[in-house]
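A structural walkthrough
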Amino acid sequence: MAHQFSEAAHRAVVAELDNERAATLGRTADRLERARRDLQRLLADPAVDRRVVRDAFDRVEERRWLLCVQREAIGLYDHSWVDRVYPPLRPT
C-alpha cells in the first residue's frame with residue numbers, strides 16, 4: 001500500500017514538473033514571438049533609425065538563444081524544431 005502511494009506521489013510530482021517545464025517553454029516562446037513581431041513592425045517603418053532596428057534584431061536573437069537554453073535545461077538538445085519555427089534572422 002505504501003509503495004502504491006509513493007508511486008502515485010512520484011507521478012504527481014513528475015506531472016507537475018512537466019507542466020511547469022511546458023509553461024516555461026511557452027512563456028519563452030511567447031517572448032520570442034513578440035520580439036519578432038516588434039522587429040517586423042520596425043522593419044516596415046522606413047523612418048526608424050537603424051540602431052533601433054539593430055537593437056530589436058539583437059533582442060530577437062537573444063530570445064531565440066534563451067529558448068534553446070531553456071530546451072537544453074530540460075534535456076532537449078535537438079534544436080531543429082526551433083530552427084524551423086523560428087529561423088535565425090539576418091541583421092539589417
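To keep things clear, this report deals only with the structure shown in the data block.

The rules behind the values
Residues numbered from 1 in each chain as written. Predicted model: local features only at pLDDT ≥ 70, side-chain atom pairs only at ≥ 80, totals over all residues. Heavy atoms only, no water. Salt bridge = Lys/Arg side-chain N within 4 Å of Asp/Glu carboxyl O. Helix = DSSP H or I, 4+ residues; strand = E, 2+ residues; numbered from the N terminus. Expected span 1.5 Å × (residues − 1). Buried < 20%, exposed > 50% of the residue type's maximum accessible area, 1.4 Å probe, protein only. Core = buried A, V, L, I, M, F, W, Y, C linked by side-chain atoms within 4.5 Å. Contact = heavy atoms within 4.5 Å.

1. Let's talk about the pattern of salt bridges
- Following the criterion strictly, the structure yields 6 salt bridges and no others.
- In this structure, the salt-bridge partner of Glu20 is Arg27, at a minimum N-O distance of 3.3 Å.
- Asp38 is the partner of Arg41 in a salt bridge, and the nearest nitrogen-oxygen pair spans 2.3 Å. With Arg41 and Asp38 both in helix α1 (residues 2-43), this residue pair falls 3 residues apart, about one helical turn.

2. Concerning α1
- Given a rise of 1.5 Å per residue, 42 residues ought to cover 62 Å, and the 61 Å separating the end C-alpha atoms of α1 matches this to within 8%.
- Where α1 is concerned, the buried positions are Thr24, Leu25, Thr28, Ala29, Leu32, Ala35, Arg36 and Leu39.

3. Quick word on the nonpolar core
- With 14 residues, the main nonpolar core has Leu32, Leu39, Val60, Leu67 and Tyr86 as its most contacted residues.
- Broken down by element, the residue count for this core peaks at 6 residues, all from helix α2 (residues 50-73).
- Residue contacts for Val60: discarding those within four places in its chain leaves Leu32, Ala35, Arg36, Leu39 and Leu89.

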